[in-house]
Every structure is written in C-alpha cells, then in structure tokens.
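Chain residues, written in single-letter form:
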Amino acid sequence: MTAIETQVQYGSYMTSEQIYMTQEDDWDRDLLLDPAWEKQQRKTFTAWCNSHLRKAGTQIENIEEDFRNGLKLMLLLEVISGERLPKPDKGKMRFHKIANVNKALDFICSKGVKLVSIGAEEIVDGNVKMTLGMIWTIILRFAIQDISVEETSAKEGLLLWCQRKTAPYRNVNVQNFHISWKDGLALCALIHRHRPDLIDYSKLRKDDPMGNLNTAFEVAEKYLDIPKMLDAEDIVNTPKPDEKAIMTYVSCFYHAFAGAEQAETAANRICKVLAVNQENEKLMEEYETLASELLEWIRRTIPWLENRVAEQTMRAMQQKLEDFRDYRRVHKPPKVQEKCQLEINFNTLQTKLRLSNRPAFMPSEGKMVSDIANAWKGLEQVEKGYEEWLLTEIRRLERLDHLAEKFKQKCSLHESWTSGKVELLSMKDYESASLMEIRALMRKHEAFESDLAAHQDRVEQIAAIAQELNELDYHDAVTINARCQGICDQWDNLGTLTQKRRDSLERVEKLLETIDQLFLEFSKRSAPFNNWMEGAMEDLQDMFIVHSIEEIQSLISAHDQFKATLPEADKERVATMGIQNEIVKIAQTYGIKLSGVNPYTNLSPQDITDKWDAVKHLVPLRDQMLQEEVARQQSNERLRRQFAAQANIIGPWIQTKMEEISHVSVDIAGSLEEQMSNLKQYEQNIINYKCNIDKLEGDHQLSQESLIFDNKHTNYTMEHVRVGWEQLLTTIARTINEVENQILTRDAKGISQEQLNEFRASFNHFDRKRNGMMDPDDFRACLISMGYDLVSRTGEVEFARIMTLVDSNNTGVVTFQAFIDFMTRETAETDTADQVMASFKILASDKTYITVEELRRELPPEQADYCISRMTSYIGSGAPPGALDYISFSSALYGESDL
C-alpha cells in the first residue's frame, strides 16, 4: 500500500472524527497567550517541524516568520504525508504568499481536518497564535490521530500506550500529558522499557526532575533520533506544563518504538520467507548438479558402448567382454542408485515448493526427469546392442580360428601329397624303357590320374575354406589367399603335365604290348583302397565344434557307422593283398625274377599294411575325443539347468513383489506410517534377496565363459532379470517416496488419517483399472460424486483448469499423489506476495523503495546480503542513489523460480 493510498484511507476516516478535531482545536485555545506555554509550544513545534524538514534538507528558525511565504509549510506537508502538493507560486508578493498558504490549508482540509478561525492572511501576517494552532492541527492529524491502541485512538490511544508501557515502573503514574511528566521518570521509563541498555532506571531519583528530564532528552536525541523539543527548566518551573508540547514530544517516542516493533515483525516474516526460498534454491542447485553429472556419465558411456571396432584375436575380444562385465558389475549399479535418488529429490522438492506456495521447479533444458529417463533408456538400448555384438564377434572369431586351423591341416596334407609330383610327371624314362616298362609306366600314369581326380575334392575344399575366411574378414587373409593361390596354380600345372605325359605314353604305347595284368590289377585295386584309408585318416583327425549334446551324439553316430564299415574294408585289404600274394606265387611257380617294385604303382603291400594299422590306431583316439566332448557338453547342460532353476524362481519372485508393492500403495487399511513400515520391510526383503541375483550373475558368467549362448530350459535371460530387478528397486523407492510425500502433505496441510482414508477410498473406487491411476473420465466422475459442478458449460472450463493442476505434464492420467495434492491444495495458510510487500514497506518507513542501510539495519546479515544481491534498482523519482525496488522483488519470490 503506497503512502498516497494510506493518506486517502486516513482522509476518509477523518471525516468521521471532525467533532474530535473541533474539540481538540478548542482545548485551552485562549491559553496560547500564556507566555510560558507559548514558549514551550514554540520550541516543541519548531523542533517537531525541523525533524521532518531535515529529510528535505532544510529547517526553520522562527516558526511564525519562516512559514509566512507558505513554501516551507507546503514542503513540510509533502514530507509528512508522502504526497505531492500543487506547484507553489514563486513570487514574493503578498498575494503569492497567501496563495501558497491557502494551498497548504486546502491540503490539510482535504485530509478531513476542520480549521477553525485559521486563515491564510493570519499566517502570512505572522500571527503567533494562529501559526501555533495550525501546526498543532497538523501534529494532531499526522502524528497523533493515527495512534491506535485497543480500539482507542489519538490522544486517548497515546495516553493508554504510555500507561501500558510505564505500568511496571515505580514512581510513575501517567494520568495526563502535563503534570504526570514533570519529574522526568515517565520519559525515562518509556526509554528503558524499549531500550534498557540506554538508561539505568534503578539509579534515577524522583527528587531530581531536572536530571531525569535532561537524561531523557539527551538519550532520545543521541540514540533514538528524537530532537530535543523541550527544556527541563520550562517543565519543572511551570505548574502545569503545556499539554500540546508534551503530547507532541511523547508522540515521537510512540512512532520511534512502534516502528521498531513493526520492523522486527516484518524482518522476522521476511527471514522466514527468505529461508524457505534459500532452502529451495539449494535443493534446485543440488538437483541440477546431480542431473548434470548423471547425464555427463551417460554421454561419456554411450560412445564407448557404440564402438563396434572388432579385435582380430579371440583374447582381445574376450578382454572387451570382461571390460563390459566389469562395467555391469561395478560402474553401472551406483548410477542406477543416483538416478533413483534424483527422482526422489525432484519429487521432494516439488512437494516443498507446493507446500510453501511457490511455483513448481522447472529444471534447465534437457535436465527434466523425463529427459534423464530417455537418456537412460538410450543407454540401455546401446548397452544391449553392445553385448549382442560382443557375443556375435566372439562366435565369429571362434569360427575363424577353427576354419584357419582346418585350412592349414588340409593344405599340409595336399602339399605333402603333391610333393615330387611335378618332377615325376616331367621324367622322360619312357624313352629308354622296355615294352613291359612302357606298359608299366602307362598303367602307373593311369593310376596317378585316378589319384589326381580323387584329390580334386580336397582342392575344392581348400578353396571353399579360403573363400569363407575372406567373407568372415579373417585378419591374416593375405597369407591364406597366397597359399590357396599357390595350391590352385600347382594343381593346374599338375593337370597340364599329366595330360602331356599321357600323350607321350600313348604315342609310345603302340610300340609296346606286354603288360603284367596282375601288377596292373593290384595297382588299380590298391589305389582306391589307399585313397579310402587316407580319407579315413583325414576324417578321423578332422577337428570339430559342437554346441549341444545332440550335435555330439550325431558325430558319435556317424563314427559308429564308420566303424561298422571296417569289416568290409578289411575284406578289401585282404583281397588287395591277395593279388600281391598271387604275383609272388606265380613268380615262384614260373621262376620269374621280380624287380621288387610294382611298375604300375608306388604303393607297396607294406604301405597298405602301415596305413591300415594307422587307421586302426586312430579309431580309438577318435572315440576318446568324442567322449571327452560328450563330457563337456554334459557339463554345459548342467550349467544351463542350474541357471534355469534359479532364473525360473527369481523372475516370478520379482513380478510377485512388484504386484505386492502396488497393492500396498493403494491399500486403505492402516495409517500412512503403517504403510511406510510395510514398504520399508519390503525394501529390506528386497535388499536381502540381492544375494540370489548375485549368485545368478555368477552362474551366468560361468555359462558365458563356457561359451553357452542359449538355454532351452527357461524363458528368462540375465538381461530380463537385471531389468526386472532395477524396476523393482526403482518401484519400491518411488512408492516409499510417495508415502513420505503423503505424510509430509498430511502434516503440512493438517489432514487427519480419516480424511486421507476417505480420499484413498474415493480414489480406489474410481480407479477402475486398479493400476494406481485414474483416466480423465474416471476423475471427472470422482469429482462429481464429491459435489463438484462439472456438467454445465462452465464446468468444462473448470474441469480443464483442474486437469492442468493434477496432470501438468499431460500424461493423460491422475496419480494418487496428484489427487491428494489437489484435495488439500487450498486448505493451508501460506505467505503471499502482498504480505511480503507490506513487511518491506514497514521497514522502508512507508516509502516505495528501500535503501541498503535500512536492509542491513533491520535484517540479519545473510538475509540482507541475499536481498541486496537480488533486488533491482528503484527507477522512480525522488529516491536517493542506490535505492532498491522491493515491490518487484516480492512479486518475483512468488513468480518465476529462477531468483
């Protein structure tokens, strides 16, 4: 309320008090001619006027002379009223002075004061009686009339105030404003009552009025900024001191001390408001800091998880997997707790702001709870993709290592077989050979061609493996390609050389006719059998990789089928060796001398025997390898079943706990404290259950270390369990926080347990989906059942307004906490911006601005510094440099929250 508004209100009030003003004006009017009283009034009224004029930088010396031109009279009225008077006339003629005095008198009359027999001419002429009467009228109106104590005002109010303040003091009995003040004890008592540090009242004596009065005058002038308006001699030596002078002087004490009491009350209110605001700002800063750190961690972590640069070795990729497991076990869980704590802090802050009638906290852009949730969701998506990529890469590298080893083994076998073949095909031994030798060479070459064709499959397998290694981006593909190309070039060269040798032998064959059929038959029969044995040895030494018992059983079945063919193979070996025996028998029979070497083949009977022995030796070794793999797959199966047994228990347990917590949060049985106790017990049970999750993590790690990537015995993966566990932790923490906020709301709003139960019963009745939330239609039905008129056209507008309160984020649902907040929103008594502005106005002595000195004088240092740093400069007229605008500051406290 401005000074002008104050004066307007008081002016309308004064209209009803004109009778009193008339009576006061008639009090002892004739006694103004008394020289003693006139002297007292001159001094008192002059000092009173100067106490106000000094605020404008001027003063008066002679009361009847200095007001004659009306200029200082108008200035006095502007200072004490805080209003602007009409512009004064600047001339020095008599009519100019009369005009200025009339403006002042008109202003006094506009305030409801009736001026009896006081005219401008008397003031201009320096009439002492009229001038003193006018000043007394101004003092009554602006210094005494506004005094109000227990439904009494003006003189009676001031007298009652003095009586109340001096009642406890000995030798003081205030009954009037003349002789009751002659001994000075009443003035000293007033000072001691409000500032006991200034006067030692116990040392004052009633028989020393001069000392008492001078002590009061000096202390008031030095410490209370009340000018000396009376002389101790005038009061003591006058039988009845002037009542008006005493009232004027005593009213200054009232305004000095009453203002201090108001300032203290106002300062306490401001301190309370500022303390709430400072605490809320601290919570906001903590939220911003925690949100920034969490978002920064997510920002740093996502690029690491998005890095899909594959390593070239299995060891390096397994180290990446171990680093990822370390992130899951060590680095991520604390951040899960921080995210949960951030949501709890945000809900608590919003509740405190709502209870203190402050606007809701709006975090910085990108730091909303929803923004953090979206960032977290993105992190988990990238995390899942990174884990899948790691496992895929490990499988790929495992496959590559297997293919590379297989490629090397087949290449070694092929290179061993082709060793010396080029030299053999390039020989020209047929040029000096006999017919029998030529025929032998021809048959030998045919056997080689048969052998060459048999090895075609191996060359194709080598090329196929090399192609697959290239497609899978094998790190040493250059070496693989070079070796494969060398084998293919050599194979083409062998084909060319073979054809050239055949052409040469066929050209000479026409000259040669004899051939040993038995040697030929042996070579033809031994060659495929030899190829079969070489193929069998290759298969028996072939490496394999399986991932299940079924796959190893399939290999065992194939091996058993191979072993079943051994008797037939042994018959073939006996038949082949029988041909050689027949050759020896014929040679012995007909005395043929054998050269000892079969001209048609390099295979000897000993070669067949040795390779057959080798096949028989490899069969049991193969059996042992397959059985060892069976044992490993059985161990993997046990790990699968062990993980599945725990996962099938933990998964449903988590779901059950989620449903139980949901039921507790909407259950109306028992008090909020009982619900909190139940939730705390649930929380402790969940914490105690953490060991089962850790054990399941251990089993999961064993499975991955054993390269187990599937499990047909359960639908729960470790990822499912982790997500469920994190949701359970978040749900119990959020539910506890909601109940804590309900307790905080109940205590702050003064809601009884029965009212809360009634609210919960209404909410549960209309929560048709039983999910702890109401749709807008259900919420409308609930409000209508509670007496709200939402059917009419205006009801639609009212319902839209209510929905903005309970669903500020436009989620389309109303939670129980929002419902409770709405039902209790308007029941609490809270501070308002107008109350804070009124308090600052008291500290500023009714000015529309406040100075730094006034803030530091009235407020504690911390709150004063807080106000000075946030108040803007006052831009109105008439303010001293450095004046501050407390009105916009008070409005901002209840407006934007970024103060």
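Just so it is clear, the structure is predicted and the values come from calculations on it, not from any experiment.

Definitions and cut-offs
Residues numbered from 1 in each chain as written. Predicted model: local features only at pLDDT ≥ 70, side-chain atom pairs only at ≥ 80, totals over all residues. Heavy atoms only, no water. Helix = DSSP H or I, 4+ residues; strand = E, 2+ residues; numbered from the N terminus. Buried < 20%, exposed > 50% of the residue type's maximum accessible area, 1.4 Å probe, protein only. UniProt positions renumbered as here; feature names shortened; annotations may be inferred. Polar contact = N/O pair within 3.5 Å; in protein donor to acceptor, adjacent residues only side chain to side chain. Phe/Tyr/Trp six-rings, centres within 6.5 Å; stacked < 30°, edge-to-face > 60°. Lys NZ or Arg CZ within 6 Å of the ring centre and 35° of its normal. Core = buried A, V, L, I, M, F, W, Y, C linked by side-chain atoms within 4.5 Å. Contact = heavy atoms within 4.5 Å. Axes fitted to C-alpha atoms, helices over the stretch in contact; angles between N-to-C directions. Parallel < 35°, antiparallel > 145°, perpendicular 65-115°, else oblique. Left-handed = near helix turned anticlockwise from the far one by under 90°. Nonpolar A, V, L, I, M, F, W, Y, C, P; charged D, E, K, R; others polar.

1. What to know about the environment of Ala800
Structurally, Ala800 is set in helix 29 (residues 793-806). Relative accessible area serves as the criterion here: at 42%, Ala800 is assigned to the partly exposed category. Placed 10 residues apart in sequence, Ala800 and Leu790 show a C-alpha to C-alpha distance of 9.9 Å.

2. Here's the deal with the UniProt feature "domain: EF-hand" (unreviewed entry) in the protein chain
The sites that carry the UniProt feature "domain: EF-hand" (unreviewed entry) are, in the present numbering, residues 754-789 and 794-829. In the segment residues 754-789, helix accounts for 64% and strand for 6%; the C-alpha atoms at its two ends are 25 Å apart.

3. Brief notes about the environment of Asp326
In this fold, Asp326 is placed in helix 14 (residues 314-355). Exposure remark for Asp326: the relative accessible area of 30% places this residue in the partly exposed category. One polar contact links Asp326 to His331, side chain to side chain, over a distance of 3.3 Å.

4. Let's talk about the packing of aromatic side chains
Across all of its chains, the model carries 24 aromatic pairs by this definition. An aromatic cluster of three or more residues is present, and its members are Phe217, Tyr249, Phe253 and Phe257. Taking the ring centre of Phe799 as reference, the NZ or CZ of Arg780 above it sits at 4.2 Å.

5. So, unusual backbone geometry
Although it is not a glycine, Asn171 adopts a positive phi angle of roughly 65°. Along the chain, the position of Asn171 falls in the loop between helix 9 (154-166) and helix 10 (185-194). For Asn171, a relative accessible area of 41% gives the class partly exposed. Phi angles above zero are rare outside glycine, and Asp846 is one such case at about 70°. Mapped onto the secondary structure, Asp846 falls in the loop between helix 31 (833-843) and helix 32 (852-858). With relative accessibility at 43%, the residue Asp846 sits in the partly exposed group.

6. Regarding the nonpolar core
Trp48, Ile138, Trp181 and Phe253 are the most contacted members of the largest nonpolar core, which has 83 residues in total. Those residues in contact with Phe253 that sit more than four places away from it in its chain are Trp161, Leu187, Leu190, Ile191, Ala220, Leu224 and Ile226.

7. Topic: the packing of helix 28 (residues 776-785) against helix 29
The contact between helix 28 and helix 29 brings their axes to 12 Å, and the two run at 115°. Considered as vectors, helix 28 and helix 29 are oriented roughly perpendicular to each other. As helix 28 runs across helix 29, the sense of the crossing is right-handed. Of the residues in helix 29, those touching helix 28 at Pro776, Phe779, Arg780 and Leu783 are Glu796, Phe799, Ile802, Met803 and Val806. Broken down by class, the residue content of the contact of helix 28 with helix 29 amounts to seven nonpolar, no polar and two charged.

8. With respect to the packing of helix 31 against helix 34 (residues 886-893)
Packed helix pairs are characterised by how far apart their axes lie and by the angle those axes make with each other. It is the contact of helix 31 with helix 34, at a shortest axis distance of 8 Å, that shows an interaxial angle of 150°. Relative to helix 34, helix 31 is oriented roughly antiparallel. The two elements helix 31 and helix 34 meet at a crossing, and its hand is right-handed. In this structure, helix 31 uses Ala833, Val836, Met837, Phe840 and Lys841 to contact helix 34, whose residues at the interface are Tyr886, Ile887, Phe889, Ser890, Ser891 and Leu893. Residue composition of the contact of helix 31 with helix 34, by class: eight nonpolar, two polar and one charged.

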